[in-house]
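The residues making up each chain are set out below.
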2 protein chains.
Amino acid sequence: MSFDRLIERIIELKNPTVVGLDPKLEYIPEYIKRRYQNDDGCTLRSAAKSLFAFNQMIIDEIHDIVPAIKPQAAYYEMYGHYGIKTLEKTIRYAKLNGMFVITDAKRNDIGATMEAYTNAHIGAVTVGDNEIEPFGADAVTVNGYLGTDGIEPMLKACRERDKGIYVLVKTSNPSSGELQDLKLEDGRTIYETMGDMCEKWGEDTRGKYGYSAVGAVVGATYPQMLTELRKRLPHTMFLVPGYGAQGGGAEGLSGGFDENGLGAIVNSSRAVMCAYRKEGCDERDFAKAARREAIRMRDDICQYINLK
Amino acid sequence: MSFDRLIERIIELKNPTVVGLDPKLEYIPEYIKRRYQNDDGCTLRSAAKSLFAFNQMIIDEIHDIVPAIKPQAAYYEMYGHYGIKTLEKTIRYAKLNGMFVITDAKRNDIGATMEAYTNAHIGAVTVGDNEIEPFGADAVTVNGYLGTDGIEPMLKACRERDKGIYVLVKTSNPSSGELQDLKLEDGRTIYETMGDMCEKWGEDTRGKYGYSAVGAVVGATYPQMLTELRKRLPHTMFLVPGYGAQGGGAEGLSGGFDENGLGAIVNSSRAVMCAYRKEGCDERDFAKAARREAIRMRDDICQYINLK
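Everything in this summary refers to the structure shown in the same document. Only a predicted model underlies this, so the values are computations on that prediction, with no experimental measurement involved.

Cut-offs applied
- Residues numbered from 1 in each chain as written.
- Chains lettered and ligands numbered in written order.
- Predicted model: local features only at pLDDT ≥ 70, side-chain atom pairs only at ≥ 80, totals over all residues.
- Heavy atoms only, no water.
- Pairing = 2+ DSSP bridges.
- Helix = DSSP H or I, 4+ residues; strand = E, 2+ residues; numbered from the N terminus.
- Axes fitted to C-alpha atoms, helices over the stretch in contact; angles between N-to-C directions.
- Contact = heavy atoms within 4.5 Å.
- Least-squares fit on C-alpha atoms with pLDDT ≥ 70 in both.
- Buried area = accessible area lost by both parts, 1.4 Å probe.
- Salt bridge = Lys/Arg side-chain N within 4 Å of Asp/Glu carboxyl O.
- Polar contact = N/O pair within 3.5 Å; in protein donor to acceptor, adjacent residues only side chain to side chain.
- Nonpolar A, V, L, I, M, F, W, Y, C, P; charged D, E, K, R; others polar.
- Left-handed = near helix turned anticlockwise from the far one by under 90°.
- Phe/Tyr/Trp six-rings, centres within 6.5 Å; stacked < 30°, edge-to-face > 60°.
- Buried < 20%, exposed > 50% of the residue type's maximum accessible area, 1.4 Å probe, protein only.
- Lys NZ or Arg CZ within 6 Å of the ring centre and 35° of its normal.

1. Focus: the sheet that holds strand E8 (residues 214–218) of chain A
Residue and element names in this part refer to chain A.
Logical step 1: Pairing in this closed barrel of eight strands is parallel, and the strands run E1-E2-E3-E6-E7-E8-E9-E10 around the ring. Averaged over all pairs of adjacent strands, the angle between their axes in this sheet comes to 30°, without regard to strand direction.
Logical step 2: Relative to strand E9 (residues 238–240), E8 is paired through two bridges, and the arrangement is parallel. Its bridge partner lying in E9, Ala216 is registered against Phe238.
Logical step 3: The strands touched by helix H3 (residues 44–62) within the sheet are strand E1 (17–21) and strand E2 (68–71), with E1 carrying the most contacts at an inclination of about 165°.

Set out below in structure tokens:
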């Protein structure tokens, strides 16, 4: 309940960032892909094994400096059940290394079905006498288009199992405004309305830093809206994608943080995973290049916020 | 491109319904669960095997009378990668039996990531020289909250691979109105706005029955909105959940069809899967009971529409 566990790790490491593990096969060094293609050929299985090896080496290099990872479910789902097994293993490995795990799945459905997604991602499933956590993430991203009964099962897991959710409010993509920026007759935009729903959904799950278990996804690519939403939603922690590769700068996104440098966690995926290419270093040095980029990102963001 | 393939199958079987395969473990007859628990214990693996056996027997019984199945991704995801393997196998088995497959996944993300979901569900993934279809469904449900660039990769697959999508417009759950029914300053509701976006997204993919490859999910539980949306969105085929167990009646949902009895496909999940319980027949007769319920549902709906 609440995001206290994550916030404490952010304070401990003085680092309000999360590394997105969205491993496209094309990002993965050739020597890793060759290793698994030699065993399994060009199959979904060999692709999924390459992904896990890649993730594992990045986690080894960043877990002592970065508080969290955010695996993006789509990049695992695209390799079928082999990919999903890699997602499970990645989550487990990150947690064994003390990291907080946010599965970026943007799941949404009616109540009964949302319960199934909840059990899958941040809850447990009962088979006979066994209770099993299929994925075991600490938090998951969700889409609130279906309203309260599509969120309630997630809230239950937040309360009972100390988990969190991030609801899509203002997304980082170019066309996010087509629907999200439209104005209602009461003067609010749709994204503000969704933000207000997050405050309400989180009401009874606030932790000692003032933030509830219901966070919001707000893109770094819309810095003014990020700043306004910070004021509007004082108990809602932000997950901020769009830094770096998507174009959001550190100064602009600093408006997403409160006066203590808390209340937001900034994601970077491609810039960290592909740092070895930008550096032009040997591909076998990819994980250390990821670490260097993670440090650069941390320092870039921390110069604009007041995190002690 | 377009839903012509599905519509032709609907006309051929004179049946505008789809059976939802959302197999909770508790729905599955004990004799099936015992069979797999004897081999694998009470594990995610045995649960997933039970699910597949259950689905397979239902497909065997209904494929000659029902045009389509709609597996709900959440109920597979909750058994981890074992469950996802069952989803893959279920889709493949249904297609081998001539059924149209709509994966109910409600996926949504920014463009680059939506491409990964597209490749997973209705497209293909490249590994080395191989092109592989991980799931290979005919259509998938999506959530349009992120706007056009979150839909575009799906439209590409619709055009190039003869696939379809259903976008959430007005969902069947009790709290769907919290966001979806709110009025914009231009007088439209949010769900009408989303519906208008579907018409636009589908514009260049209309087939010979007038319907595009971009459908809409509209709940049977809101019959008046369903009727109004039919008029408003003349090129958008509806996927209509909420019949039966959720409370939507056949007469009410007939407003979702056009004057030829086309333009909609009505889903029933629990009522079909659990028909054996309602009938009180032997659990080993579950698949035949599912067939009887599928026929009853078809006849119930067809009496109110003009499908020839």
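More follows now that the structure is in view.
2. Some remarks on the relation of the copies chain B and chain A
Logical step 1: By a simple turn and slide, chain B fits onto chain A: the slide is 0.0 Å along the axis, the RMSD is 0.0 Å, and the turn is 180°. Such a turn and shift between the copies fits a two-fold axis.
Logical step 2: A share of 100% of the interface residues of chain B reappears at the interface of chain A, consistent with the copies meeting face to face through the same patch.

3. Things to note about the interface of chain B and chain A
Logical step 1: Contacts between the two partners involve 71 residues from chain B, matched on the other side by 71 residues from chain A.
Logical step 2: At the boundary of chain B with chain A, total buried surface from both sides reaches about 5,600 Å², with 60% on carbon and sulfur atoms.
Logical step 3: The tally of links from chain B across to chain A stands at four salt bridges.
Logical step 4: Of the charged contacts in the structure, one is a salt bridge between Lys106 of chain A and Asp109 of chain B, with a shortest N-O distance of 2.9 Å.
Logical step 5: Put simply, chain B and chain A have 41 residue pairs in polar contact (both at pLDDT 80 or more) between them.
Logical step 6: Broken down by element, the side of chain B that touches chain A gets its largest block of residues, seven residues, from helix H6 (residues 111–121) of chain B.
Logical step 7: Of the residues belonging to the side of chain B that touches chain A, the class tally is 34 nonpolar, 25 polar and 12 charged.

4. What about the sheet that holds strand E6 (residues 139–142) of chain B?
Residue and element names in this part refer to chain B.
Logical step 1: Spatially, E1-E2-E3-E6-E7-E8-E9-E10 is the arrangement adopted by the eight strands of the closed barrel, whose pairing is parallel. When strand polarity is set aside, the average angle formed by the axes of neighbouring strands in this sheet is 30°.
Logical step 2: Sitting on the sheet, helix H7 (residues 152–161) is in contact with E6, strand E7 (164–170) and strand E8 (214–218), with an inclination near 140° to E7.

5. Notes on the packing of helix H2 (residues 30–40) of chain A against H3 of chain A
Residue and element names in this part refer to chain A.
Logical step 1: Orientation of H2 relative to H3, taken along the N-to-C sense of each, is 145°, at an axis distance of 8 Å. The hand of the H2/H3 crossing is right-handed. Where H2 approaches H3, its residues Tyr31, Ile32, Lys33, Arg35, Tyr36, Gln37 and Asp40 are matched on the opposing element by Arg45, Ser46, Lys49, Ser50, Ala53, Phe54 and Met57.
Logical step 2: Within the contact of H2 with H3, the residues separate by chemical class into six nonpolar, three polar and five charged.

6. A short note on the packing of aromatic side chains
All names here are of chain B.
Logical step 1: In this structure the tally under the stated criterion is 10 aromatic pairs over all chains.
Logical step 2: Seen in terms of ring centroids, Phe52 and Tyr93 are 6.4 Å apart; in terms of plane orientation they differ by 80°. Their pairing is edge-to-face. In this pair, Phe52 is assigned in helix H3 (residues 44–62) and Tyr93 in helix H5 (residues 80–96), connecting sequence segments 41 residues apart.
Logical step 3: For Phe52, a relative accessible area of 12% corresponds to the buried category.
Logical step 4: Of note, Lys170 hangs over the ring of Tyr222, and the distance from its end group to the ring centre comes to 4.1 Å.

7. Observations regarding the pairing of strand E3 (residues 100–107) of chain B
Residues in a regular strand project their side chains so that they alternate between the two faces of the sheet.
All names here are of chain B.
Logical step 1: Of all the eight residues making up E3, eight are buried; the element is thus mostly covered by neighbouring parts of the structure.
Logical step 2: As defined by bridge partners, strand E2 (residues 68–71) adjoins E3 across two bridges and the pair is classed as parallel. Along E3, the bridge assignment pairs Ile69 with Val101.
Logical step 3: The pairing of E3 with E6 spans three bridges and is classified as parallel. Bridge pairing in E6 links Arg107 to Val142.

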